[in-house]
Amino acid sequence: MSSRQIYLLSPKEHSPETIAVAFAKTSRSPESFREIAAGLTDEKSAQFHEKWVVGYGHASVAEHAVLHIAFENVSRLAVESIESNRLASYTEKSTRYQKWGSDNFLVPAELGGHPLCEEFIATCRLLFQTYRDSLDPLRTLVLQRAQRREKESDEALDRRLRSQYVDVCRFLLPAASLANVGMTANARVLENMIRKLLSHGLAEVRGIGEEVKAVSKAEIPTLVKYADAVPYLMETNRDIDELVKQRSEIGNLKSGWCHLVDFDRDGEMKVLAAALYRFGEMPFADALRHVKSMDEGQRVHLADTLLRRLDEHDIPLRELEYATYTFDLVMDQGAYAEFKRHRMMTQTPQMLTTHLGYAIPRLITEAGFEPQYRRAMDAAAGTYERLYSFNPQVAQYVVPNGYNRRVLAQFNLREAYHFCQLRAASNAHFSIRRIAYRIDEELCRIHPALTRFMRLPGESWQSVEEKYLTMA
């Protein structure tokens, strides 16, 4: 009897394409992975991928080739396109723990030689200067209210409290702000990513796509060489954009900032039936019929059995994915920067705009900085309108983090547990905490038996709003 072996095929010894082939060949070869890899060269690996991945469409093989790509000095607007791929991992420069310099912003290529270019630059400089000017008064106020720990130095105290005021000052930073992002992704994801980037409406994003393709080809030359712009994406986006322009109305916040658009009325019962199905032998229809025949007390007991043992680090059983919800949300751009990280959701964000107004953090008001804050935000809105007439996509670059944005999001109950518990935590940013508590409130209203086991601190969205926001 053969003994179990678990080992790495190291990228220090083999190229990503060779590792992908070594794993792919195991389906037809009795040899060990080491033996398969030892018999491969880069040329043989490329020939394999040309035949099976490119020629026959066995794209899953490309998932075994993994690259780590560093992006530096890309706009935060472009970061959204980079991070729009669900099956990849990202870490980006934090607006919470780092401070931005006065010229850390991108001037989009579309504005080269355009009369609005100077106004764009002047507005960005105003936003960055106001950002820099806000740091000291907000820092002073936070330090005045802080409790110094025993033997804590000034530097250690500032480091501990920095996120509290930098977190607020970042509302002024525009989408043109430059950031760094590290990404880990497999070749299949990269190929799709490159196609989307090359099909984008912004020159910066298309340029990033060209560079990602170039650096990827150095490591996986066969797997991304046919990644090109996609006419379907470009033409469909263009035509739908033209259809939308025929409608004149602009949305507002009269309908509220959190609207439960749709949910599965039988979601709770489907989750409970799926749990019985998992551990039983009956068809799902029988399990669902049985759950529907229960009285409320019996269903609550079944839900309690399913979830009551959850610890704070536990992940609920996958059966919670059978209940789904769709929310139409309005949140400030800073909150969306965190919301978009939840890629197990289906999210449809609208373009950045100044039409939905902006949030004013209470700390800005209490530090006496609200007039300067409003002047900068209003100046950005004026420039946005003039840029919008030229190019709505380019206009997004001047929109600060504090402006509101619409996002349609669909997710299941299992993801809701993850999102609400993580983003309602006391160390989360107050904008996203407000969203998490509001979503939790809606879910508890419609599916109380399954949501009562969420572990959220004892606050509400109203208390977060009152404590942290002068105007949401």
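Summarised in this report is the structure supplied together with it.

### What about the side chain of Q396?
Line of reasoning, step 1. Position of Q396 relative to the elements: it lies in the loop between helix 16 (392–395) and strand 8 (404–412).
Line of reasoning, step 2. Judged by its relative accessible area of 5%, Q396 falls in the buried class.
Line of reasoning, step 3. A distance of 3.0 Å separates the side chain of Q396 from the backbone nitrogen of L352, its partner in a polar contact.
Line of reasoning, step 4. Looking at Q396, its side chain comes within polar contact range of the main-chain oxygen of Q393, at 3.1 Å.
Line of reasoning, step 5. Among residues more than four places away in sequence, those in contact with Q396 are L77, A175, M351, L352 and Y384.

### Details of the side chain of R434
Line of reasoning, step 1. Structurally, R434 is set in helix 18 (residues 430–446).
Line of reasoning, step 2. When residues no more than four places from it in sequence are discounted, the contact partners of R434 are W257, W461, V464, E465, L469 and A472.

### Section: the nonpolar core
Line of reasoning, step 1. Grouped together as the largest cluster of nonpolar side chains are 144 residues, with contacts concentrated most on F71, M183, Y325 and F339.
Line of reasoning, step 2. Considering every element that reaches this core, the biggest residue donor is helix 5 (residues 117–145), with 11 residues.
Line of reasoning, step 3. Filtering out sequence-adjacent residues up to four positions away, M183 remains in contact with L67, H68, I69, F71, I82, A88, S89, Y90, L190 and M193.

### Some remarks on the packing of helix 5 against helix 6 (residues 154–169)
Line of reasoning, step 1. Their axes nearest at 9 Å, the elements helix 5 and helix 6 cross at an angle of 130°. On the basis of their axis angle, the class for helix 5 and helix 6 is oblique. Here helix 5 and helix 6 pass one another in a crossing that is right-handed. On helix 6, the residues touching Y131, S134, L135, L138, R139, V142 and L143 of helix 5 are L157, D158, L161, Q164, Y165, V166, V168 and C169.
Line of reasoning, step 2. In the contact of helix 5 with helix 6, the residues fall into 11 nonpolar, two polar and two charged.

Basis of the calculations
- Residues numbered from 1 in each chain as written.
- Predicted model: local features only at pLDDT ≥ 70, side-chain atom pairs only at ≥ 80, totals over all residues.
- Heavy atoms only, no water.
- Helix = DSSP H or I, 4+ residues; strand = E, 2+ residues; numbered from the N terminus.
- Buried < 20%, exposed > 50% of the residue type's maximum accessible area, 1.4 Å probe, protein only.
- Polar contact = N/O pair within 3.5 Å; in protein donor to acceptor, adjacent residues only side chain to side chain.
- Contact = heavy atoms within 4.5 Å.
- Core = buried A, V, L, I, M, F, W, Y, C linked by side-chain atoms within 4.5 Å.
- Axes fitted to C-alpha atoms, helices over the stretch in contact; angles between N-to-C directions.
- Parallel < 35°, antiparallel > 145°, perpendicular 65-115°, else oblique.
- Left-handed = near helix turned anticlockwise from the far one by under 90°.
- Nonpolar A, V, L, I, M, F, W, Y, C, P; charged D, E, K, R; others polar.

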